[in-house]
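# Understanding the architecture of this molecule
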Amino acid sequence: MSCRTNQVKLNLSPNRSQFFKEKSVTLSCEDEDRSAGWTLRGNTTRGTRTQCGDGWGRPSGSSCIMTYMVPQDSGVYWCESMEAAASQSINLTVSGGSVILQSPVLPVMEGDPLTLSCQSNPASRLPAAFYKDGSLIRTEPGGHMTILHVSRSDEGLYRCNISSHGESPSSWISVTVLLSLMSCRTNQVKLNLSPNRSQFFKEKSVSLSCEDEDRSAGWTLRRNTTRRTRTQCGDGWGRPSGSSCNISVLRQWDSGVYWCESMEAAASQSINLTVSGGSVILQSPVLPVMEGDPLTLSCQSKQDSHLPAAFYKDGSLIRTEPGGNMTILHVSRSDEGLYRCNISSHGESPSSWISVTESDPAAVYSAVKGREDVTYGQMVFKDGGGRSKSRDRDPAAVYSAVRTEETSYGQIVIRPNRSREFPLEPQVIYSSLK
C-alpha cells in the first residue's frame, strides 16, 4: 500500500511573518497537480473565515494580493478547497510600531542557514539585540543575525530590540526535517470538551481532554490566544490532569484555539473557544455535526432563560424562536455556516462557525514531514457501489509551526458502512496575534 499525498502549499512573497503597516504581500496556493478551486481564507480580529476579496485583498486566480496592510490584517491565513481540504496555516503580524523581526513564516530545513533581520521604520542598519524564548542570544552591530546550520534546538519564539526605537513582536520559527520514508501507522487522537460548546460566559468552567484510540499517554493540551502562542496547560492557564485540562474560572483572554499535541508532534483537530464578557451567548457544538443528525442551538442570557431569540446564519435572519432554542431536525451541508443570536433588550452573542461532516465508507489518512511543514494525503476505498467523498484532515488555524519532532505519522481508518466524524479545520478563532 502506498500513501499518496494530496498537497497544497500556501506561499508568501516576501516570505516573512511580520510586516510594517501599509506594506504589501502576495499569498498563493500552489497545488502539485495544478488543480483549481483553492481559496485564500483568513481569521483576524475583523472577521473569521473571510475569503480574499471579502473586505481584504484582491484575488487573482489562486493567489491573493494585499497591497496596503493594516494591523487589523494580523491573523491566521490558509488555503481551502471547495471540498474543505486545507493547507498548512500561517500567522502574519502587521505592526503599527517602529520595529519588526524579519523571519521566515514557513518552516526552515534542518542544516540550512537562517538569517534574522531586525528592521526599524524608517529603515536603518542599527545594532539590534536578538532574543529566543525570552532570553538574550546576542547583540549584532548590523541588525542581522545568521545561524549557519539550523538545528532542532534553534526552534522557538524570537523577537528583537533596537535601542531607542523599540521592540518587535514575537514570531515562532519552526525547524523541520526531510524524511525519505513515510509511515502509515494509526495514530488518532480526538480533543473533546465538557460541556461541548464553543461559547462560554466568563467565570464559567470547561474541561478539555485528549482521547487516544489506543489509550497511549503523552498528549498535551496547547493553545493560541491573543496574549501568547503554543502555551501548554498549566503554563499560566488550566490545571493538567493526565491527558485532560480543567479551566475552572474562564476569562475573556482564554478565548482562542486549543489542540492536543504529542511528544512526536502529532496533533488533533483544533477547536475554537470564545469566552464572552457580554450578556448573551450562543450555545452550539464546538465539534462538527454529522450530516442527518439533529442540531439544537440555544440563545442564552446571563440573567434570564427561555427568552425569545432571533437566530442568524451568515448575517441573515433565519427565524425568531419564542423559547430561545432553534432545532434543525436533519442537518445538511447547506446548514454549515456562521451563526449568532440576539435577545431583544439583552444584546447579541458572538458568532460561531458550525461544521457539518458526512460519513465516508473508508478512508486512509497519512501525514509526511517534509521541507514545507506537513502534507496530508489520503486514499479512499469505495465500499460496494457507493460513491465516497474525500476530506482532508487539517488542524488549520493552529499555529503554522506546531509539528516539531523528527518523525512522520499517519492515520489508517477502514470502517465499511460506518459513519465517522472528520475533524475539520477550526472555523472561528481568535487568531494568535503576537
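To keep things clear, this report deals only with the structure shown in the data block. Note that the coordinates shown come from a computational prediction; the quantities given were computed from them, not determined experimentally. Per chain, residue numbering runs from 1 following the sequence as it is written. Two thresholds apply to this predicted model, a pLDDT of at least 70 for residue-level local features and 80 or more for giving and counting side-chain atom pairs, whereas whole-chain, interface and lining totals are computed over all residues. Calculated side-chain values reflect all of the structure's heavy atoms, with hydrogen atoms and water omitted.

## Comments concerning the sheet that holds strand β26 (residues 244–247)
The strands that make up a sheet are held in pairs by hydrogen bonds between backbone atoms, and each pair lies either parallel or antiparallel. Whether two strands pair depends on DSSP finding at least two bridges between them. The helix count covers DSSP runs of H or I at least four residues long, the strand count covers runs of E at least two residues long, and both are numbered beginning at the N terminus. Pairing is antiparallel in the open sheet, where 4 strands are placed in the order β20-β22-β26-β25. If you trace the sheet from one side to the other, it starts and ends with β20 (189–194) and β25 (239–241), each paired once. Mean inter-strand twist for the sheet, computed between neighbouring axes without regard to direction, equals 20 degrees. Bridge count for β25 against β26 is 3 bridges, and the pairing is antiparallel. Paired with Pro-240 across the two strands is Cys-245, which belongs to β26. Note on geometry: axes are lines fitted to C-alpha atoms, helical ones only across the stretch in contact, with angles between N-to-C directions running from 0 to 180 degrees.

## Digging into the state of the cysteines
Throughout, disulfides are identified as pairs of cysteine sulfur atoms within 2.5 Å of each other. Applying the stated criterion across every chain, the model contains 6 disulfides. Linked covalently through their sulfurs, Cys-29 and Cys-79 form a disulfide whose S-S length is 2.1 Å. Disulfide Cys-29 to Cys-79: torsion about the S-S bond roughly -100 degrees, handedness left-handed. Residue Cys-29 is found in strand β3 (residues 25–31), and its partner Cys-79 is found in strand β8 (residues 75–80); the two are separated by 50 residues along the sequence. Both residues of the pair, Cys-29 and Cys-79, count as buried. The buried label goes to any residue with under 20% of its type's maximum accessible area, the exposed label to any with over 50%, and the partly exposed label to all in between, with areas taken from a 1.4 Å probe on protein chains only.

## Regarding the sheet that holds strand β27 (residues 256–261)
Pairing is mixed in the open sheet, where 5 strands are placed in the order β21-β28-β27-β23-β24. The open sheet has two edge strands, β21 (199–201) and β24 (231–232), and neither has a second partner.

## What to know about the packing of aromatic side chains
Here is the rule: rings of Phe, Tyr and Trp (six-membered ring for Trp) pair when centre to centre is within 6.5 Å. Planes less than 30 degrees apart are stacked, more than 60 are edge-to-face, and the remainder are tilted. Under the criterion given, the structure shown has 2 aromatic pairs. With centroids separated by 5.3 Å and ring planes inclined at 75 degrees, the aromatic side chains of Trp-56 and Tyr-77 adopt a geometry described as edge-to-face. Remark: Tyr-77 occurs in strand β8 and Trp-56 occurs in the loop between β5 (50–51) and β6 (58–60); sequence separation between them is 21 residues. As far as burial versus exposure is concerned, Trp-56 and Tyr-77 are alike and both buried. Judged by centre distance (5.5 Å) and plane angle (85 degrees), the ring pair of Trp-237 and Tyr-258 falls under edge-to-face. Residue Trp-237 is located in the loop between β24 and β25, and its partner Tyr-258 is located in strand β27; the two are separated by 21 residues in the primary sequence. The exposure class of Trp-237 is buried, given its relative accessible area of 5%.

## A short note on the side chain of Gln-18
Note on placement: Gln-18 falls in strand β2 (residues 18–20). Judged by relative accessible area, which is 0%, Gln-18 ranks as buried. Counting of polar contacts relies on pairs of N or O atoms within 3.5 Å, with two restrictions inside protein: one atom must be capable of donating a hydrogen and the other of accepting it, and residues adjacent in sequence are counted only when both atoms are side-chain atoms. Polar contacts involving the side chain of Gln-18 include one to the main-chain amide nitrogen of Leu-101, which spans 2.9 Å. Polar side-chain contacts of Gln-18 include one of 3.0 Å to the backbone oxygen of Pro-169. Apart from the residues within four sequence positions on either side, Gln-18 is in contact with Thr-93, Ile-100, Leu-101, Ser-168, Pro-169, Ser-170 and Ser-171. Contacts: residue pairs with any heavy atoms within 4.5 Å of one another.

## Notes on the side chain of Asn-192
Here Asn-192 shows up in strand β20. Within the local environment of Asn-192, its side chain forms a polar contact with the side chain of Glu-211, the two groups lying 2.9 Å apart. Leaving out residues up to four positions away in the same chain, Asn-192 has contacts with Ser-207, Leu-208, Ser-209, Glu-211 and Leu-287.

Interpretation in functional terms is not warranted from these geometric data alone.
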